[in-house]
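Read off the chains here:
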Amino acid sequence: MPEAELNMVDGSGLSPLNRITTQAQVSILRYAIKQNWFKSFYTSLPELNHLKMKSGTIRGVKGFCGYHTAPNGHQYVFSFLVNNYTGSSTDLVQKMYKVLNSLK
């Protein structure tokens, strides 16, 4: 993973001072699949909108990343970040879910 994919100032991962690209998040999640602890990790993820994913929110930033197995068996690993949004968080989440529904 290129060093430019990460710039961590604090541990939250969503702070505006941090930079973690969606590519970096997907790389980390794909790495996890190959680890002996993956089953426990996967089980610990909440199911949101019928997808196994973790959400994150901090002042003007909303993100989801996780896994989904489509009915045809294809497994998706995804990361979806929106930065500097304005308006209702609820409205944004519904719009993000609409995009994520295309994985189903």
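From a predicted model like this one, the values you see are computed outputs, not experimental measurements. (Residues numbered from 1 in each chain as written. Predicted model: local features only at pLDDT ≥ 70, side-chain atom pairs only at ≥ 80, totals over all residues. Heavy atoms only, no water.)

(A) Examining the nonpolar core more closely. If you look at the biggest cluster of nonpolar residues, it comprises 13 residues, and the most contacted ones within it are Met 53, Phe 64, Phe 78, Val 82, Met 96, Tyr 97 and Leu 100. Per element, the largest residue contribution to this core is five residues, and it comes from helix H3 (residues 89–100). Not counting residues within four places of it along the chain, the set of residues in contact with Phe 64 comprises Leu 48, Met 53, Lys 54, Ser 55, Phe 78, Ser 79, Phe 80, Val 93, Met 96, Tyr 97 and Leu 100. Among the nonpolar cores identified, the runner-up in size contains six residues, and Leu 29, Ala 32, Leu 45 and Cys 65 belong to it. (Core = buried A, V, L, I, M, F, W, Y, C linked by side-chain atoms within 4.5 Å. Buried < 20%, exposed > 50% of the residue type's maximum accessible area, 1.4 Å probe, protein only. Helix = DSSP H or I, 4+ residues; strand = E, 2+ residues; numbered from the N terminus. Contact = heavy atoms within 4.5 Å.)

(B) Geometry of the sheet that holds strand S4 (residues 51–58). Reading across the sheet, the four strands line up as S3-S4-S5-S6 and stay open at both edges, with antiparallel pairing between neighbours. Two strands bound the open sheet, and with one partner strand each, they are strand S3 (47–48) and strand S6 (75–83). Seen against the sheet, helix H1 (residues 22–33) touches strand S5 (61–69) and S6 and runs at an angle of roughly 150° to S6. Contacting S3, S4, S5 and S6, H3 runs over the sheet at an angle of about 30° to S5. (Pairing = 2+ DSSP bridges. Axes fitted to C-alpha atoms, helices over the stretch in contact; angles between N-to-C directions.)

(C) Region of the structure containing the side chain of Lys 62. Within the secondary structure layout, Lys 62 lies in strand S5. One buried charged side chain, Lys 62, makes no salt bridge at all; its nearest oppositely charged neighbour is Asp 91, positioned 13 Å away. Among the polar contacts made by the side chain of Lys 62, one reaches the side chain of Thr 57 at a distance of 2.7 Å. Contact partners of Lys 62, with chain neighbours within four places excluded, come to Ser 55, Gly 56, Thr 57, Phe 80, Leu 81, Val 82, Tyr 85, Leu 92, Val 93 and Met 96. (Lys, Arg positive; Asp, Glu negative; His and termini not counted. Salt bridge = Lys/Arg side-chain N within 4 Å of Asp/Glu carboxyl O. Polar contact = N/O pair within 3.5 Å; in protein donor to acceptor, adjacent residues only side chain to side chain.)

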